[in-house]
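Here is what each chain is made of, one letter per residue.
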Amino acid sequence: MPDWRNPPRLFIPGPVHVLPEVLQQLARPTLGHRGKEYSQLHGEVTGMLKKVLFTEQNVFLSTSSASGIWEGAIRNCVNFNETVLATSCGSFSEKWASVAKSCGRQVDELKVEWGQATTPEAIDKQLATGKYKAVTLVYSETSTGVINPVYEISEMMKKKYPEVLVFVDAVSAMVGMPIHFDQLGWDIVFASVQKAFAIPPGLAVFAVSKRAMEKSKTVSQRGYYFDFQEFAKSQEKNQTPTTPSIPHIFALHFQCEKLIKEGMENVWKRHKEMADYTRAWAKQKHALFAEEKYASNTLTTAKNVRNINIGDLNKALQAKHNTVIGNGYGKLKDLTFRIAHMGDITLRDIKELLGWIDEETK
Ligand SMILES: *Cc1c(COP(=O)(O)O)cnc(C)c1O
């Protein structure tokens, strides 16, 4: 019988497995969120996050899941009479487009089929109309395991459309794949901590460019909870506008120290090694869903070409090894399955897991 007191080890693309020493951080004595101790913690964490994201601009902590920043990006940086180009290549990018519409903004979707990436050429063609003030991009589309070529897209945009704002959902990419926020010229990037930061869910981190902060001053009805101006005001005191989830911030401090000690290049390399191994396995034993050059380094989506019953496979993995993998997302539920290789999961863990899957699918 499933029991939340003894949950399976997670290889789903979020939340991911959390190490016991990280869990312990969440049990530290609490702090007053307007006290000096909290400010010290906050300052150290945001300082480290700037190194993780290669930015000298604003980094904020939001006690919400990352979906809140979908809304925050739109409500802060797009006026009601402006149109957003929302690139769409899977469930999360589609959802962001629908969130932008629900905020009353005009949205044009640039869609490709699930499993494909959005190219710089396709975006260039749309932006050439001169109609758009902002573009939304999902770095690693977790529903399909596809990455968009965000570095190439950014190069193109810096050259040809420097005035267009760039908002990037890096929820399943941040930490696992390169982000040089300032150099890329991005305006907003964000992630939840339950993906490659390998912390339990409940906190999001985001960076905002100086020009996006300026823009937000000109946008009306920004709301309160995700108002960037509120975040900036509190940030001056190394605080957040509302009471933050301090336990998560303890854990984030612990994880950021580890990342910086390891060095981000090494962290990305470690993720790539796990991805290379998992992709090679998927190609040999099943098939890759994404085109290889657009396959994410934080999760692998395998095409279920052998018609394996993924529900039964997961039941067996759980019964024998107390482990679960991800089924396909939404309309891909039985057509694919997903294996997360991010955060504190190691290549050794992946090899063991893939061996177990092989045993069940001989
Ligand atoms: C997980 C995920 C989200 C949603 O994150 P929440 O923490 O549930 O808000 C959004 N976008 C992508 C790409 C994701 O992987």
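These numbers were taken from a predicted model, which means no experiment stands behind them. (Residues numbered from 1 in each chain as written. Predicted model: local features only at pLDDT ≥ 70, side-chain atom pairs only at ≥ 80, totals over all residues. Heavy atoms only, no water.)

J.: Help me understand empty space enclosed by the protein, please; the structure alone is not making it clear to me.
T.: To find leftover empty space, one rolls a probe the size of a water molecule over the atoms. A full pass over the atoms with the stated rule returns two cavities of 30 Å³ or more. A volume near 70 Å³ is recorded for the largest cavity. Around the largest cavity, the lining residues are Leu61, Ser62, Thr63, Tyr224, Tyr225, Phe231, Thr240, Pro241, Thr242 and Pro244. Residues belonging to the lining of the largest cavity are distributed by class as follows: six nonpolar, four polar and no charged. (1 Å grid on protein atoms, 1.4 Å probe; cavity = no way out; pocket = protein on both sides within 12 Å on 5 of 7 lines; lining within 4 Å. Points joined across faces, edges and corners; volume = space filled by probe spheres on them. Nonpolar A, V, L, I, M, F, W, Y, C, P; charged D, E, K, R; others polar.)

J.: Help me out: how do you make sense of the sheet that holds strand S11 (residues 287-288) in this one?
T.: Strand-to-strand pairing in sheets goes through backbone hydrogen bonds, with the strands running parallel or antiparallel. Read from one edge to the other, the open sheet built from five strands follows the order S1-S13-S14-S12-S11, with strand pairing classed as mixed. Every interior strand has two partners, whereas the edge strands, strand S1 (9-11) and S11, have only one. Alignment of S1 against strand S13 (residues 323-327), held across three bridges, turns out to be parallel. By the bridge assignment for S13, Phe11 is matched with Ile325. (Pairing = 2+ DSSP bridges. Helix = DSSP H or I, 4+ residues; strand = E, 2+ residues; numbered from the N terminus.)

J.: How should I be thinking about helix H11 (residues 264-285) in this particular structure?
T.: Every α-helical turn comprises 3.6 residues, leaving residues that sit three or four positions apart pointing alike. The end-to-end C-alpha distance of H11 is 31 Å, a good match for the 32 Å that 22 residues give at a rise of 1.5 Å each. Buried within H11 are the following residues: Met264, Val267, Trp268, His271, Met274, Ala275, Thr278, Arg279, Trp281 and Ala282. Axial view of H11: buried residues confined to an arc of 165°, hence all on one face. (Expected span 1.5 Å × (residues − 1). Buried < 20%, exposed > 50% of the residue type's maximum accessible area, 1.4 Å probe, protein only. Arc of directions from axis to C-beta.)

J.: Teacher, can you tell me more about the site of the ligand here?
T.: Looking at the ligand, there are 14 residues lining it, with Ser65, Ser67, Thr142, Ser192 and Lys195 nearest. Contacts to the ligand include Lys195, whose side-chain N or O atom sits 2.7 Å from an oxygen atom. When the free accessible area of the ligand is taken as 390 Å², the share hidden by the protein chains comes to 88%. (Near = heavy atom within 4 Å. Polar contact = N/O pair within 3.5 Å; in protein donor to acceptor, adjacent residues only side chain to side chain. Areas by Shrake-Rupley, 256 points an atom, 1.4 Å probe, with all protein chains shown as cover.)

J.: Help me understand the packing of H11 against helix H13 (residues 347-360), please; the structure alone is not making it clear to me.
T.: Geometry of a packed helix pair, given as the angle between the helix axes and the separation of the axes. For the pair H11 and H13, interaxial distance at closest approach is 10 Å and the crossing angle is 15°. When the axis of H11 is compared with that of H13, the two are roughly parallel. The crossing of H11 and H13 is right-handed. Residues Glu273, Met274, Tyr277, Thr278, Trp281 and Lys285 of H11 form the contact with H13, whose participating residues are Leu347, Ile350, Lys351, Leu354, Ile357 and Asp358. Split by residue class, the contact of H11 with H13 holds seven nonpolar, one polar and four charged. (Axes fitted to C-alpha atoms, helices over the stretch in contact; angles between N-to-C directions. Parallel < 35°, antiparallel > 145°, perpendicular 65-115°, else oblique. Left-handed = near helix turned anticlockwise from the far one by under 90°. Contact = heavy atoms within 4.5 Å.)

J.: Just checking my understanding: could you explain the sheet that holds strand S9 (residues 188-192) for this structure?
T.: Overall, mixed pairing links the seven strands, which are arranged S2-S10-S9-S8-S5-S3-S4 in an open sheet. Only two strands of the sheet have a single neighbouring strand rather than two, namely strand S2 (58-62) and strand S4 (106-111). Across the sheet, the mean angle from the axis of one strand to that of its neighbour is 20°, orientation sign disregarded. Note: strand S3 (residues 83-88) against S4, six bridges, orientation parallel.

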